[in-house]
Amino acid sequence: MSNSVQGRVIIVTGAGRGIGEAIARGLAADGARLVIADLDGVRARSVAEGIAGEGGAAIGVEVDVARRDSVRAMVQATVDRFGRLDVIFNNAGIAQTRPFLSITETDWDRVMSVNALGVLLCTQEAVKQMLAQGGGGKIVNTASIAGKQGYEPLAHYCASKFAVVALTQAAARAFGRHRINVNAICPGVVATEMWKVIDKGFQDEGLTSRENEAFERFSSDILLGRPSRPDDLLGVARFLASSDSDYMTGQSLLVDGGMVLV
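Note that the coordinates shown come from a computational prediction; the quantities given were computed from them, not determined experimentally.

A. Quick peek at the pairing of strand β2 (residues 33–38). With five of its six residues buried, β2 lies for the most part within the structure. The sheet contact formed by strand β1 (residues 9–13) and β2 spans five bridges and is parallel. Within β2, the position partnered with Thr-13 by the bridge is Ala-37. Regarding topology, helix α1 (residues 18–29) serves as the crossover connection from β1 to the parallel β2, and that connection is right-handed.

B. Summary view of the environment of Val-190. Inspection of the secondary structure puts Val-190 in the loop between β6 (180–187) and α6 (193–204). In this structure the C-alpha to C-alpha distance between Val-190 and Ile-19, which are 171 residues apart in sequence, comes to 8.3 Å. The contact partners of Val-190, leaving out residues within four places of it in the chain, are Ile-19, Trp-195, Phe-215, Ser-228, Arg-229, Pro-230 and Leu-233.

C. Seen up close, the UniProt feature "domain: Ketoreductase" (unreviewed entry) in the protein. Following the UniProt record, the feature "domain: Ketoreductase" (unreviewed entry) maps to residues 8–173 here. Between the C-alpha atoms that bound residues 8–173 the distance is 24 Å, and the span itself is 52% helix and 16% strand.

D. Representation of empty space enclosed by the protein within the structure. Per the stated rule, a full pass over the model turns up one cavity of 30 Å³ or more. In this structure, the largest cavity encloses a volume near 40 Å³. Contributing to the lining of the largest cavity are Thr-13, Val-65, Asn-90, Asn-91, Ala-92, Val-114, Gly-118, Val-119 and Cys-122. Each residue belonging to the lining of the largest cavity can be placed in one class, and the counts come to five nonpolar, four polar and no charged.

E. Up close: the packing of aromatic side chains. Applying the stated rule across the entire model yields four aromatic pairs. Ring geometry for Trp-195 versus Phe-215: centroids 5.6 Å apart, planes at 75°, classification edge-to-face. Of this pair, Trp-195 sits in helix α6 while Phe-215 sits in helix α7 (residues 213–219); the two residues are 20 residues apart in sequence, bridging distant segments of the chain. Residues Trp-195 and Phe-215 agree in their burial class; the two are buried.

F. Representation of the nonpolar core within the structure. With 27 residues, the main nonpolar core has Ile-10, Val-12, Leu-27, Leu-34, Ile-36 and Phe-89 as its most contacted residues. Broken down by secondary-structure element, the contributors of at least two residues to this core are β1, α1, β2, α2 (41–53), β4 (87–90) and α8 (234–241). Sequence-distant contacts of Phe-89, that is, excluding residues within four places in its chain, are made with Ile-10, Ile-11, Val-12, Thr-13, Ile-23, Leu-27, Val-140, Ala-237 and Ala-241. Core analysis: the second largest hydrophobic core is formed by 26 residues, Leu-85, Met-130, Ile-139 and Ile-180 among them.

G. Expanded view of the sheet that holds strand β7 (residues 252–255). Reading across the sheet, the seven strands line up as β3-β2-β1-β4-β5-β6-β7 and stay open at both edges, with parallel pairing between neighbours. Only two strands of the sheet have a single partner each, and these edge strands are β3 (57–62) and β7. Ignoring which end each strand starts from, the neighbouring axes of this sheet average 20° apart. When β2 meets β3, the two strands line up parallel, connected through six bridges. Bridging across to β3, Asp-38 finds its partner in Glu-62. Packed onto the sheet, α2 meets β2 and β3 and runs at close to 175° relative to β3. The strands touched by helix α5 (residues 155–175) are β5 (137–142), β6 and β7; relative to β6, the strand with the most contacts, the crossing angle is about 160°.

Rules of the game
- Residues numbered from 1 in each chain as written.
- Predicted model: local features only at pLDDT ≥ 70, side-chain atom pairs only at ≥ 80, totals over all residues.
- Heavy atoms only, no water.
- Buried < 20%, exposed > 50% of the residue type's maximum accessible area, 1.4 Å probe, protein only.
- Helix = DSSP H or I, 4+ residues; strand = E, 2+ residues; numbered from the N terminus.
- Pairing = 2+ DSSP bridges.
- Right-handed = clockwise from strand over helix to strand, strands pointing away.
- Contact = heavy atoms within 4.5 Å.
- UniProt positions renumbered as here; feature names shortened; annotations may be inferred.
- 1 Å grid on protein atoms, 1.4 Å probe; cavity = no way out; pocket = protein on both sides within 12 Å on 5 of 7 lines; lining within 4 Å.
- Points joined across faces, edges and corners; volume = space filled by probe spheres on them.
- Nonpolar A, V, L, I, M, F, W, Y, C, P; charged D, E, K, R; others polar.
- Phe/Tyr/Trp six-rings, centres within 6.5 Å; stacked < 30°, edge-to-face > 60°.
- Core = buried A, V, L, I, M, F, W, Y, C linked by side-chain atoms within 4.5 Å.
- Axes fitted to C-alpha atoms, helices over the stretch in contact; angles between N-to-C directions.

In structure tokens form, the structure reads like this:
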């Protein structure tokens, strides 16, 4: 196991549960100093306390990634506690199931504000801090297989994740000269609370008839034979946060068990 994240100060948004929590706990175990950021401040502080109880260094911060003032406060809390910022995982996201013709402007705005605008704001505020430190740093965005292929009952969610891939590429071009690497992880079907929301949405829209049917249907063609667990994303997260990935930028890595081949 690489310990090249030892001592690095890392923000993980959406770290109160799911993929974000798994990444945060794993990196803390490797010796990184973590900021657990989540819209649910109670969950964020609980995860941070759990890490601290296991001998790690972490604080919990409540953040709304769709509001610049909240994102700016998150970065400031990081610097106040740990003195700098080395890596940010823009992981916070939401999903919603809607047939294409049923998507409203409100649906679109809600999903895009968190999944796309949130990545933009967090990247901007993190880069400002990294530049103030003299440059250098890592930005890792959570995209999705839905940022590689469009799925009809999730069109606006897919659009938001295609936007994350585009923002990853654009930011890589913008900040490479400052030694700031920008990459993305594209998970597939992961057993998290988000997929429970997606699955229920399929039922509510009459697209499936029983619990877990959409989850099972989407998982059926995974080449490695099972859906993902949150900790399946830890290895690539560790790599992208560490010096091992210093010569990689602008890439969106599929970590989906072989569900999407491009």
